Amino acid sequence: MVAQPVLHDPVVIAEGVDEEPVESNRRLFEGHGLKVIAFVSAFYAAFHMAALNGVSISAWTGIDIPFLPQFPLETWNFRILHIAGALVLGFLLYAGGSFNRDDSKPTTMLGYLSYALALPALYALYTAISFANEIAGGAMWNGIDATIRNREIYHFGVPLLVATVGAIGIGWAHRLPRHHFSAPDFVLAICGIAVATYLITIYGTAMRNATGTPFAPIGMSIAAVAGTLLIMELTRRVAGLTLIVIAVVFLIYVFVGDKLPGFLNAPDITWERFFSQVYTDAGILGPTTAVSSTYIILFIIFAAFLQASKVGDYFVNFAFAAAGRSRGGPAKVAIFASGLMGMINGTSAGNVVATGSLTIPLMKKVGYPPKSAGAIEAGASTGGQIMPPIMGAGAFIMAEITGIPYTEIALAAVIPAILYFGSIFFMVDFEARKLGMRGMREDELPKFKELAKHVYLFLPIIILIVALFMGYSVIRAGTLATAAAAVVSWLSPNKMTPRDIYRAFDLAGVMSIQIIAVCACAGIIVGVISLTGVGARFSSLLLGLADTSQLLALFFAMCISILLGMGMPTTAAYAVAASVVAPGLIQLGINPLTAHFFVFYYAVVSAITPPVALASYAAAGISGANPMGTSVTSFKIGLAAFIVPFMFFYNPALLADGTWVEIGRALITASVGVCLLSGGVQGFFFTGRLPQVPRIMFLIAALFLIEGSLISDVVGAVLTGGGIFLARLSAGKEEPKGDAPKEDVPKPAE
């Protein structure tokens, strides 16, 4: 049956795409509570912007204010404050359980018990401050003196752990109306401040060099235990249980690894030694937090400025005006809009919610089945994470871990991104042809001429790209782009006033909580990998597999990267996979950039890989389709992302590594390859419906053309020619079912 819906809706105008979705456990404050939380959030984001650019309030005013931080801050101190601020803001904003219903009573007694727990939390904070005063006064601190050790255990550690564990437990059961602050979460915020105060104090002494040794103060280990619990609890609240389960498994491994056989065997590590080391740059304060405290939060602020100036709405409307009239128009709009939004969004599922609420219903209206509509949006939104120049946040973590310049990583990502989005485009186009769909009418779409007048709204992204390739640092380029977003808005109908700028910083603070918590929690896993040596043993396992077959080793690495990434946000998925898998690939002799791109791609596409596919499940919630069916279809639509990384190894030109001729040939042949891949998967091509033999020939030809060597290109061309010839022969014998009559294709408006 031919899908030929007739649309009579008014003009489609995207509105509210920029609005941040409100999670089910986020508190919605009112009145003074809203003002307080907005100020804390805006101050937190503005603090980072000032710190990253080396600007202090004293420098602005010319007045030396002792209690305000002077920039630049010492690196570890800055990262500790970065995490502590996210803990405070996160616990105040996100509830540990559900909110009470109108007909249920608040759990008042648990609230009173929480106020009692505030006493040990405040005492631990007071003790940490007293330690700071003593050390500032010249007191010598060490981890051996019995008096110091007892004070750290009984005056700081025990009260801190009692308050932390007790408040976490009460927070799971405590119920209040959604607009109320929660007592146990205040206690957790105080505990987060106490941990930060102690660690900044101790790391400022010679004891910083004692981490991971028997000479480390016991308070350092206890503070790290409390900090780890706080990070994991906040991660549970903002990102779900998946990452927590993985982190718990790794933490258990630390203490049982010496009893495990084979390559899983690890040295016996005491809890004091492990925790005195995990809250350093070998773990929680390591690469993941280094990136979240610099590049990620900077680009979250940039994204918040774009949202506050309604640029996201413009992106989606521009996509509708440019692609809405084409066959299966809303699906192609989803590709365009999700690519633009996804590269600055940072999460695949978040991008699905932002753009899919508009595109998925329209895709269903023009004839796409609900399952396909959700899958197309999930695939396109996931692709935003590999779209240069921002690439969600993965590019910055890759630059931090590998030491490869960010601009080189962004350039290397161009061809793979073209291939991925090209593949999805052909997938949706062939499905539209197969189902006989039409596009949207001219009178249903925003006017392209009107939108073209505001094309300057793309300037912030253009300025970002130009600044990066002119040699500016990522921080300076991001700051310029953020400022440009505010300035450009003054030329648009949505002018940013000082109130809007304040709102943008407030929005950035809230948006940053999830990714900061996730990065810190991923740091725990990275710390385990580093301190137990399991990463090196995994590398040895890959080397052993490579002796049998290098392709088998790559396939095993792919499976591990996807498994580690399932159910996790992209940033955490890549950070963990990069620590476990990438070193082993590099030991196989693979170029570091190629190895990390290989891992990065599979960490990203875990969002559309069954059985745990966060982006697909989010899309299914909007489309109303079966979640598992949607994830299987999105896997099929994003198939190019599962094949192309294998070709990085065989054809480095796909990562812009080679001469211009090699790179150009790789782009052309691989583009033809993904077109054939899409036709083979969909069973439909420009020639019409594909019989079985041409379909198989197209799939094989696609692999040869994507691989990219001269011989494989010749083989791919021969197979392509043969497949097209056979398809044309069969086209004369059998009319494709569901092919749209020519007169049903909408004609351009006069």
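Worth saying up front: this structure is predicted, and the values here are computed from it rather than measured.

Looking now at the overall build of the chain. Within the chain, the regular secondary structure consists of 32 helices and 2 strands. Evaluated residue by residue, the chain yields a buried proportion of 59% over its 750 residues. Per element, the accessible surface of the chain, about 29400 Å² overall, is 67% carbon and sulfur.

Among the surface-exposed residues, L459, I462, I463, V466, M470, Y472 and L480 lie close enough to one another that they form a single nonpolar patch of about 590 Å² accessible area. For the nonpolar patch, the element with the highest residue contribution is helix α19 (residues 459–469), accounting for 4 residues. By the element assignment, M470 lies in the loop between α19 and α20 (474–489).

The full count for this structure, using the stated rule, is 10 salt bridges. A salt bridge links D185 to R27; the shortest N-O distance between them is 2.6 Å. Of this pair, D185 sits in helix α6 (residues 183–203) while R27 sits in the segment before α1 (31–52); the two residues are 158 residues apart in sequence, bridging distant segments of the chain. With a shortest N-O distance of 3.7 Å, K259 and D258 are connected by a salt bridge. With relative accessibility at 64%, the residue K259 sits in the exposed group. Among the residues examined, D258 registers a relative accessible area of 28% and is labelled partly exposed.

Next up on the list: helix α24 (residues 570–580). Burial within α24 is extensive, with 11 of its 11 residues counted as buried. Among all positions of α24, only T570, T571, A572, A573, Y574, A575, V576, A577, A578, S579 and V580 are buried.

A positive phi angle, near 60°, is found at A656, a position not held by glycine. Here A656 shows up in the loop between α29 (640–650) and α30 (660–682).

The next point concerns the environment of D547. Along the polypeptide, D547 turns up in helix α22 (residues 534–548). Through-space distance from the C-alpha of D547 to that of L588 is 9.7 Å; in sequence the pair is 41 residues apart.

Take the confidence of the model for the chain next. Summarising the model, the chain shows a mean pLDDT of 84, and 90% of its residues fall at 70 or more. Between residues 1–9, whose pLDDT stays under 50, and residues either more than four places distant or in other chains, the model counts 25 contacts. Contacts from residues 735–750, a stretch scored under 50 in pLDDT, to residues over four places away or in other chains number 29 contacts.

If you look at the biggest cluster of nonpolar residues, it comprises 251 residues, and the most contacted ones within it are Y368, L585 and F597. Top element by residues in this core is helix α21 (residues 498–532). It accounts for 20 residues. Aside from chain neighbours lying at most four places away, what touches L585 is L542, L554, A557, I590, A595, F598 and V599.

For the rest of this paragraph, the subject is the packing of helix α15 (residues 394–402) against α24. Interaxial distance between α15 and α24 falls to 10 Å at its minimum, and their mutual angle equals 25°. The angle between α15 and α24 falls in the class roughly parallel. In the packing of α15 onto α24, the handedness of the crossing is right-handed. Counted together, G394, I397, M398 and I401 of α15 and T571, Y574 and A578 of α24 form the full contact between these two elements. Looking at side-chain class alone, the contact of α15 with α24 contains 5 nonpolar, 2 polar and no charged residues.

Before going further, it helps to examine the packing of aromatic side chains. Applying the stated criterion across every chain, the model contains 35 aromatic pairs. For the ring pair F600 and Y601, a centre distance of 6.5 Å and an interplane angle of 80° mean the geometry is edge-to-face. We note that F600, like Y601, is buried. An aromatic cluster of three or more residues is present, and its members are F425, F426, F430, F685, F686 and F698. The ring of W76 carries the charged tip of R208 above its face, separated from the ring centre by 3.9 Å.

Among the residues of α15, G394, A395, F396, I397, M398 and A399 are the ones counted as buried. Structurally, α15 contributes buried residues whose contacts are with α10 (287–308), α16 (406–412), α20, α24 and α26 (592–605). Positive backbone phi, approximately 80°, marks G403, located one or two places after α15.

Where helix α5 (residues 146–173) contacts α6, the two axes come as close as 9 Å, and the packing angle between them is 145°. Here the hand of the crossing between α5 and α6 comes out left-handed. Residues E152, F156, L160, A163, T164, A167, I168, I170 and G171 of α5 lie in contact with α6, whose contacting residues are P184, V187, L188, C191, A194, V195, Y198 and I202.

With that settled, the discussion passes to the side chain of S489. Positionally, S489 belongs in helix α20. Of note is the side chain of S489, whose polar atom sits 2.6 Å from the backbone oxygen of A486. The contacts of S489, once residues within four sequence positions are left out, are S309, N494, K495 and M496.

Glancing now at the side chain of Q682. Assignment of secondary structure puts Q682 in helix α30. Looking at Q682, its side chain comes within polar contact range of the main-chain oxygen of M427, at 2.9 Å. Among residues more than four places away in sequence, those in contact with Q682 are M427, F430, E431, K434, K636 and R695.

Along the chain, the position of I297 falls in helix α10. Distance in space between the C-alpha atoms of I297 and A45 is 7.7 Å, their sequence separation being 252 residues. Apart from the residues lying within four places of it in its own chain, the contact partners of I297 are Y44, H48, L52, H82, S292, S512 and I516.

The rules behind the values
- Residues numbered from 1 in each chain as written.
- Predicted model: local features only at pLDDT ≥ 70, side-chain atom pairs only at ≥ 80, totals over all residues.
- Heavy atoms only, no water.
- Helix = DSSP H or I, 4+ residues; strand = E, 2+ residues; numbered from the N terminus.
- Buried < 20%, exposed > 50% of the residue type's maximum accessible area, 1.4 Å probe, protein only.
- Areas by Shrake-Rupley, 256 points an atom, 1.4 Å probe, with all protein chains shown as cover.
- Patch = residues over 30% accessible without salt bridge, like charges linked within 9 Å, V, L, I, M, F, W, Y side chains within 5 Å.
- Salt bridge = Lys/Arg side-chain N within 4 Å of Asp/Glu carboxyl O.
- pLDDT = per-residue confidence, 0-100.
- Contact = heavy atoms within 4.5 Å.
- Core = buried A, V, L, I, M, F, W, Y, C linked by side-chain atoms within 4.5 Å.
- Axes fitted to C-alpha atoms, helices over the stretch in contact; angles between N-to-C directions.
- Parallel < 35°, antiparallel > 145°, perpendicular 65-115°, else oblique.
- Left-handed = near helix turned anticlockwise from the far one by under 90°.
- Nonpolar A, V, L, I, M, F, W, Y, C, P; charged D, E, K, R; others polar.
- Phe/Tyr/Trp six-rings, centres within 6.5 Å; stacked < 30°, edge-to-face > 60°.
- Lys NZ or Arg CZ within 6 Å of the ring centre and 35° of its normal.
- Polar contact = N/O pair within 3.5 Å; in protein donor to acceptor, adjacent residues only side chain to side chain.

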